[in-house]
Amino acid sequence: MRLQWEPAQEAHVLLYPEGMVKLNGSAGAIMSRCDGVRTVAEIVADLERTYGLTGLSGDVIAFVALALDKRWLELRA
Amino acid sequence: MSATPPVGHGLGAPNAAVGATPASRDVQAPGPPPTGTRGVGPPLWLLLELTYRCPLHCVYCYNPTNFAHTGPELPTADWIRVLREARALGAVQLGLSGGEPLVREDLEPLVAEAHALGFYINLITSGVGMSEARMRALKAAGLDHIQLSFQDSTRELNDFLSSTRTFELKSRVAALIRQHGYPMVLNVVLHRLNIDHVGEILELAEAMGAEYVELANTQYYGWAWLNREHLLPSRAQLERAEGVTQRFRERLGNRMQIYFVVPDYFETRPKACMSGLGSVFLAVAPDGTAMPCHAARMLPGLELPNVRDSDIRTIWYHSPAFNRFRGEAWMKEPCRSCPERGRDFGGCRCQAYLLTGDPDNADPVCDLSPHHALVTAAVARAEQAGSAAPAAARERPLVFRDHRVSIAVVTGDPARGGAPARRA
């Protein structure tokens, strides 16, 4: 599984053996911050700071749950 | 739009994954591709069939039966040019296949170039020719993923179906794959002669630490078309195999994901082959022939361009062959007025041609096709035969994929699975 920015699609895409997923802007912003180091809370804070928004926590957690379910992400203790 | 191209030695996975349609796969489709020339998106999936040479002799190979009549393989420099041109257009998923791609001694430099360009690189291999040293070199070059094909779980049948003693070698390669940190992905082409071994196959996959197993029922192109009467399973076989698969899924959960690709002869709607020809998938044959699907060489009247003569942009956007099946203008009834035409694009053009003689017809897998009886008749023959080979199969022995046999194939006769060697 690899995440990369694709200029031709103007999007982040997830690449894996059987397919690829083109992420929308929000999903790309979240996924590109999932670096195995930062916590979800830190990612939320970064996103809120970067985009000048508040109250993103619910949306981010919902997306992370989806990504875990689809095995785009894995949890590390 | 789905971006899963069919990969795999048996042409097993199709489109939904591109990979086949993966009809049965949980494949995530990307959104509509950005539009390029005339509303056409980029060739997101590039498949390079580096060679038709192969140490195996699989009876279900999708390669053209007349491969021995095709021209010389492209040299390294041409493959590298193809990689660069396709990547510049937006290609990002790369399959390296064949034949057996490990036969090419320049596989490592090709992988290195593809990696530098940003491709996600899948090697589709039988494992024959893999060594510790090559595995290390491929890993260092940036190979992302390996799909290992396995003919069956018992050595005897494995050797019979691939006609070489490769079973132990594959077990070693599977261990090498894991040792080098790759997910263990196994592709097994199923058919009448091995489908009853699905339980053993899955036990073996589990023992090998496989994380993904694709049980891809044979699709009937190339050598598999030639051997169809031997390979088509009965419905009872299919149902047993699906039952066994389901029990493994329940027991193993997420630990080993199993994709079971049903043979489309048992469906009533066709696969959305390649997400529509000329939509996301571009294949290049060993001799440089560019194809909108890896079986498309057989299609009559399709003047396939060659990468020796044209660049990839011209081929993808402007060649008549790649535009031939874009849109819906080529469709005949019942597809033309069908509410489902935007979902399955009329099915597979190659199957329509092989079964009806006209690539513009609806894929006869569809029960709305006036030719659907051709498919149900083949299934009925498989049913009547019980556990023995169907009568039609007994009249002609299995044909193993072989260079000498290929030389003898009558070109241009689809009944023989042959297609004229064609160069633009």
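In this numbering scheme, every chain counts its residues from 1 along its sequence in written order. To label them, take the chains in the order written and letter them from A, then take the ligands in the order written and number them from 1. Whole-chain, interface and lining totals are the exception, using all residues; otherwise, since this is a predicted model, local features are given only for residues with pLDDT of at least 70 and side-chain atom pairs are given and counted only at 80 or more.

Undergrad: I would appreciate a short explanation of the sheet that holds strand E3 (residues 19-22) of chain A in the present structure.
TA: Two modes of strand pairing occur in sheets, parallel and antiparallel, and in both the strands are linked by backbone hydrogen bonds. All names here are of chain A. Taken in spatial order, the three strands of this open sheet run E1-E2-E3, and their pairing is antiparallel. Because the sheet does not close on itself, it has two edges, and the strands there are strand E1 (2-6) and E3. Each strand of the sheet is rotated relative to its neighbour by a mean of 30 degrees, with strand direction disregarded. DSSP-based pairing: two strands are paired if at least 2 bridges between them are found. Helical segments are the DSSP runs of H or I of at least four residues, strand segments are the runs of E of at least two, and each set is numbered from the N terminus. Bridging between strand E2 (residues 11-16) and E3 involves four bridges; their strand directions are antiparallel. Across the sheet, the residue bridging to Val-13 is Lys-22, located in E3. In this analysis an axis means a line fitted to C-alpha atoms, helices contributing only their contacting stretch, and an angle means the value between N-to-C directions, from 0 to 180 degrees.

Undergrad: What should I look at first to understand the packing of helix H2 (residues 107-117) of chain B against helix H3 (residues 132-141) of chain B in this one?
TA: For any two helices packed against each other, one specifies the inter-axial angle together with the distance between the axes. Residues and elements named next belong to chain B. At a minimum axis separation of 8 Å, H2 and H3 run at an interaxial angle of 20 degrees. Relative to H3, the element H2 lies roughly parallel. Read as a crossing pair, H2 and H3 show a hand that is right-handed. Facing H2, whose interface residues are Glu-108, Val-111, Ala-112 and His-115, H3 presents Ala-137, Leu-138 and Ala-141. Residues were grouped as follows: Ala, Val, Leu, Ile, Met, Phe, Trp, Tyr, Cys and Pro as nonpolar; Asp, Glu, Lys and Arg as charged; and all remaining residues, including Gly, as polar. Of the residues in the contact of H2 with H3, the class split is five nonpolar, one polar and one charged. Angles are sorted into four bins: roughly parallel if under 35 degrees, roughly antiparallel if over 145, roughly perpendicular if 65 to 115, and oblique for all others. Crossings are sorted by hand: turned counterclockwise from the far helix by less than a right angle, the near helix makes the crossing left-handed, and turned clockwise it makes it right-handed. For every residue pair, C-beta atoms are placed from the backbone, and the pair is scored as a contact if these atoms sit within 7 Å.

Undergrad: Explain the packing of helix H1 (residues 76-89) of chain B against H2 of chain B here, please?
TA: All names here are of chain B. Where H1 contacts H2, the two axes come as close as 10 Å, and the packing angle between them is 20 degrees. Judged by the inter-axis angle, H1 sits roughly parallel to H2. Read as a crossing pair, H1 and H2 show a hand that is right-handed. Taken together, the residues of H2 that come into contact with H1 (itself represented by Thr-76, Trp-79, Ile-80, Leu-83, Arg-84 and Arg-87) are Pro-109, Leu-110, Glu-113, Ala-114 and Leu-117. Here the residues of the contact of H1 with H2 are counted per class, giving seven nonpolar, one polar and three charged.

Undergrad: Help me out: how do you make sense of the confidence of the model for chain A in this one?
TA: Should the pLDDT be low somewhere, the predicted coordinates at that spot are not to be read in detail. Put simply, chain A has an average pLDDT of 92, and 99% of its residues get 70 or more. When mean pLDDT is compared element by element in chain A, helix H2 (residues 40-51) of chain A scores highest at 95, while E3 of chain A scores lowest at 89. Think of pLDDT as the predictor's per-residue confidence, scored from 0 to 100.

Undergrad: Is there a simple way to explain the pairing of strand E2 (residues 93-97) of chain B in this structure?
TA: As a general feature of sheets, a regular strand has side chains that alternate between the two faces. Residues and elements named next belong to chain B. Of all five residues in E2, five are buried, a share of seventy percent or more. Here a residue counts as buried when 20 or more other C-beta atoms sit within 10 Å of its C-beta, as exposed when there are 12 or fewer, and as partly exposed otherwise, the C-beta atoms being derived from the backbone. Side-chain alternation along E2 places Gln-93, Gly-95 and Ser-97 on one buried face and Leu-94 and Leu-96 on a second face that is also buried. Bridge count between strand E1 (residues 45-49) and E2: five bridges; the pairing is parallel. Residue pairing across strands places Trp-45 opposite Gln-93, the latter belonging to E2. Looking down the strands as they point away from you, a crossover is right-handed if its path from the first strand over the helix to the second goes clockwise. Read from E1 through H1 to E2, the crossover connection turns out right-handed. Running through H2, the crossover from E2 to the neighbouring parallel element strand E3 (residues 120-125) is right-handed.

Undergrad: Honestly, the nonpolar core in this entry has me stumped. Any pointers?
TA: In globular proteins that are soluble, nonpolar side chains generally tend to be buried together. The biggest cluster of nonpolar side chains holds 127 residues, and the ones touching the most others in it are Ile-121, Ala-205, Leu-215, Ala-224, Cys-293, Ala-296 and Cys-350 of chain B. Excluding residues within four positions of it along the chain, Leu-215 of chain B makes contact with Val-188, Leu-190, Val-198, Thr-245, Ile-258, Tyr-259, Phe-260 and Val-261 of chain B. Think of a nonpolar core as buried Ala, Val, Leu, Ile, Met, Phe, Trp, Tyr and Cys residues chained together by C-beta atoms that fall within 7 Å.

Undergrad: Is there a simple way to think about the confidence of the model for chain B in this case?
TA: All names here are of chain B. Residues with a pLDDT of 70 or more make up 81% of chain B, whose mean pLDDT is 83. Here residues 1-37 is a poorly scored stretch, pLDDT under 50, and it has 168 contacts once near neighbours within four places are set aside; other chains count. Per-residue pLDDT stays below 50 along residues 414-424; that stretch engages in 41 contacts with residues further than four places along the chain or on separate chains. Note on the complex model: pTM 0.86, ipTM 0.87.

Undergrad: Sorry, what's going on with the environment of Glu-113 of chain B here?
TA: Residues and elements named next belong to chain B. Positionally, Glu-113 belongs in helix H2. Spatially, the C-alpha atom of Glu-113 lies 31 Å from that of Leu-302, the residues being 189 residues apart in sequence. Ignoring anything within four residues of it in the chain, the contact list for Glu-113 reads Ile-80 and Leu-83.

Undergrad: Even after reading the chapter, I still don't get the sheet that holds E1 of chain B, so can you show me in this structure?
TA: All names here are of chain B. Read across the open sheet, the nine strands follow the order E7-E6-E5-E4-E3-E2-E1-E8-E9; overall the sheet is mixed. Strands at the two margins of the open sheet, each flanked by one partner only, are strand E7 (257-261) and strand E9 (290-291). With six bridges connecting them, strand E5 (residues 185-190) and strand E6 (residues 212-217) associate as parallel partners. Of the residues in E6, the one forming a bridge with Leu-190 is Asn-217. Across the sheet, helix H9 (residues 235-252) touches E5, E6 and E7, and the angle it forms with E7 is around 165 degrees.

Undergrad: What is the right way to read H2 of chain A from this model?
TA: The end-to-end C-alpha separation of H2 of chain A is 16 Å, in line with the 16 Å expected for twelve residues at 1.5 Å each. At the exit of H2 of chain A stands Gly-52 of chain A, carrying a positive phi of roughly 65 degrees. Expected span, for any helix, means 1.5 Å times one less than how many residues it has.

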